[in-house]
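The chain contents come next:
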Amino acid sequence: MKRTVTHLADGRELIYFDERDDASRDVVDQRDLPPPPPAPEMRYDPILDEWVAIAAHRQSRTFLPPSDQCPLCPSTPQRRSEIPSPGYDVVVFENRFPSFSHRVGPAGRDVLPGLVPTRPAAGRCEVVCFTSEHNASFASLGPHRVRTVMEAWADRTADLSTRDDVEQVFCFENRGEEIGVTLSHPHGQIYAYPFVTPRTRRMLRSASEYAAKSPDGANLFAEVLAAERADGTRIVAANDCWTAFVPATARWPFEIHLYPNRRVADIPALSGAERDAFGPLYLEVLRRLDGMFGLAMPYIAAWHQAPVRVARDLAYLHLQLFSTRRAPGKLKYLAGSESGMGVFVNDVRPEQAAAMLREVAL
């Protein structure tokens, strides 16, 4: 794989990950762009013990453009996009409308002094383009391309983890307008947060408490994986390196977790064999998801990685994949209980969901 670093017209970094060593990436971005915005603001909520980013400039971000105006397609002589080259394999670049940014300006005053501290939303947001083909999807990629995407995820996780203003790196993909996607081109994102996220803190707290209660200090994530593998009822697919299962406590109608069979903290820690084995299994899971109702399922694919500096010994890398679709023509909405109280009510039994996924003809 060839890695080429360049910059866009406004100074944002762009990185090509090419599958051919002879790929030429000398095309320069000639657009007339304004400078990138400074880091947004984040405010600490003392009641929920979490930070909230206030990024008002994102209101003006590109929203569902026609395919001939897609900013993630390669540039052409008639139209210049975010990717200057006329073609590419995998590309990562700084988001033009970031929720977190290393371009930090002066700190503002606290909104409620003594209660709600206000800080610049330091960090970084990146876009990952999986292919130059506008009408493709992650499920249509081949295993070789998935391996290239994994190399990009590993590269960015390792690089962003060296930054002083980053505490956690989150790689994810949103797919489908039902999820809230504003660009249909196959892509994902990477958020490098200046704090450990609330969900991760909660999971690691549970893991710490479980280890403290276990005579041998067992890892909670590893115990759940072992129990699911032994039970087998909710296993969707597996190979020598990975296991995909519907968790017994699934919150979403169709939710699948993919764990490496060997506990590692993050994507860079995966071996070459584990990276090779991920693509075929994940592509099978995505095809099963799309085959459920014979349509492209909306989903979120979220990588849970260890924080950069704390509790890495408790973490267990895994991918959470879930869809908001519960039936043809029906979506799962986060209504009163979920949105107001954080208590999920699932309309589909996890065992039924796993059986339906296994029964999809590939």
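An account of the accompanying structure is given in this report. Values in this document were obtained by computation on a predicted structure and should not be read as measured data. (Residues numbered from 1 in each chain as written. Predicted model: local features only at pLDDT ≥ 70, side-chain atom pairs only at ≥ 80, totals over all residues. Heavy atoms only, no water.)

### Thoughts on a nonpolar patch on the surface
Side chains of Val111, Leu112 and Leu115 sit close together on the surface and give an oily, nonpolar patch of about 260 Å² of accessible area. Within the secondary structure, leucine 115 is located in the loop between β5 (90-94) and β6 (118-120). According to the relative accessible area criterion, leucine 115 is exposed, its value standing at 52%. (Patch = residues over 30% accessible without salt bridge, like charges linked within 9 Å, V, L, I, M, F, W, Y side chains within 5 Å. Areas by Shrake-Rupley, 256 points an atom, 1.4 Å probe, with all protein chains shown as cover. Salt bridge = Lys/Arg side-chain N within 4 Å of Asp/Glu carboxyl O. Helix = DSSP H or I, 4+ residues; strand = E, 2+ residues; numbered from the N terminus. Buried < 20%, exposed > 50% of the residue type's maximum accessible area, 1.4 Å probe, protein only.)

### Description of the pattern of salt bridges
Inspection of the entire model under this criterion finds 34 salt bridges. For aspartate 290, the salt bridge goes to arginine 175, with nearest N and O atoms at 2.9 Å. Taken together, the residues span a long stretch of sequence, with aspartate 290 in helix α4 (residues 272-291) and arginine 175 in strand β8 (residues 168-175) at a distance of 115 residues. For aspartate 290, a relative accessible area of 17% translates into the label buried. The class for arginine 175 is buried, based on a relative accessible area of 16%. Between arginine 288 and glutamate 284 there is a salt bridge, with its nearest N and O atoms 3.0 Å apart. One end of the pair is arginine 288 and the other is glutamate 284, both in helix α4 and four residues apart, which spans about a single turn.

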